[in-house]
Amino acid sequence: MLTCSQTRDRQEVKPGGWRSDSHLQDGFGPGGTSKDLSGGLYDAGDHLKLHLPLTMTLATLALGAIEFESSYRSTGQWDTAAATLSRAAQYLIKCHIVASNTPSSNQFVAQ
């Protein structure tokens, strides 16, 4: 089960097929952060990686996986859910481009 279109690692998970990788140079370009921000999930087929809907989707997916683990496993969706959560978490960590113990010094890149 994929709730959003993944933007990388499409060779691993291809439900319904996929055209090709996209947004692999995010973070580099005019006005970019010069940090690798590839990955993440598209919001609704509009080619935007919006973080508020993403985190809500991930929270819902994670809660469903925790509450209904046996159903996820019996339908063969456990590994897909875990991989989706892992990839999205790795992306969100990449978006936190400056981490500091001083809250005002932290920087997070989001749309």
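Up top you'll find the structure we're talking about.
All values reported here derive from a predicted model rather than from experimental measurement.

Trainee: Looking at this structure, I do not really get the nonpolar core. What am I missing?
Mentor: For soluble globular proteins, nonpolar side chains are generally found buried alongside one another. Counting residues in hydrophobic clusters, the biggest one holds nine residues: L37, L41, L54, L58, A88, Y91, L92, C95 and I97. Sorting the residues of this core by element identifies α1 (51–67) and α3 (78–95) as the ones contributing at least two each. Among all residues touching A88, those that are not within four sequence positions of it are L41, L54 and L58.

Trainee: How should α1 be read in this particular structure?
Mentor: Each α-helix turn comprises 3.6 residues. Residues three or four places apart therefore point the same way. For α1, which comprises 17 residues, the first-to-last C-alpha distance of 24 Å matches the rise-based estimate of 24 Å (1.5 Å per residue) to within 8%. Three or more residues of α1 are buried, namely H51, L54, L58, L61, G64 and A65. Around the axis of α1, the buried residues are gathered within 155 degrees of arc, so they sit on the same side. Of the exposed residues in α1, the ones pointing more than 90 degrees away from its buried face are L52, M56, L63, I66 and E67. Along its buried surface, α1 packs onto α2 (69–74) and α3.

Trainee: Honestly, unusual backbone geometry in this entry has me stumped. Any pointers?
Mentor: It is generally the case that most residues other than glycine have a negative phi and that most peptide bonds are trans. One non-glycine residue, S34, adopts positive backbone phi at about 60 degrees. Along the chain, S34 falls in the segment before α1.

Trainee: Help me understand the pattern of salt bridges in this model?
Mentor: Taken as a whole and assessed by the stated rule, the structure comprises three salt bridges. Across the pair D26 and K49 runs a salt bridge, and its minimum N-O distance is 2.5 Å. In this pair, D26 is assigned in the segment before α1 and K49 in the segment before α1, connecting sequence segments 23 residues apart.

Trainee: What's the story with the packing of α1 against α3 in this structure? I'm lost.
Mentor: For any two helices packed against each other, one specifies the crossing angle of their axes together with the interaxial distance. Running from N to C, α1 and α3 point in directions that differ by 145 degrees, and their axes come no closer than 10 Å. Pair α1 / α3 crosses with left-handed handedness. Facing H51, L54, T55, L58, L61, A62 and A65 of α1, the residues of α3 in contact are W78, A81, T84, L85, A88, Y91, L92 and C95. When grouped by side-chain class, the residues that make up the contact of α1 with α3 number 12 nonpolar, three polar and no charged.

What counts as what
- Residues numbered from 1 in each chain as written.
- Predicted model: local features only at pLDDT ≥ 70, side-chain atom pairs only at ≥ 80, totals over all residues.
- Heavy atoms only, no water.
- Core = buried A, V, L, I, M, F, W, Y, C linked by side-chain atoms within 4.5 Å.
- Buried < 20%, exposed > 50% of the residue type's maximum accessible area, 1.4 Å probe, protein only.
- Helix = DSSP H or I, 4+ residues; strand = E, 2+ residues; numbered from the N terminus.
- Contact = heavy atoms within 4.5 Å.
- Expected span 1.5 Å × (residues − 1).
- Arc of directions from axis to C-beta.
- Salt bridge = Lys/Arg side-chain N within 4 Å of Asp/Glu carboxyl O.
- Axes fitted to C-alpha atoms, helices over the stretch in contact; angles between N-to-C directions.
- Left-handed = near helix turned anticlockwise from the far one by under 90°.
- Nonpolar A, V, L, I, M, F, W, Y, C, P; charged D, E, K, R; others polar.

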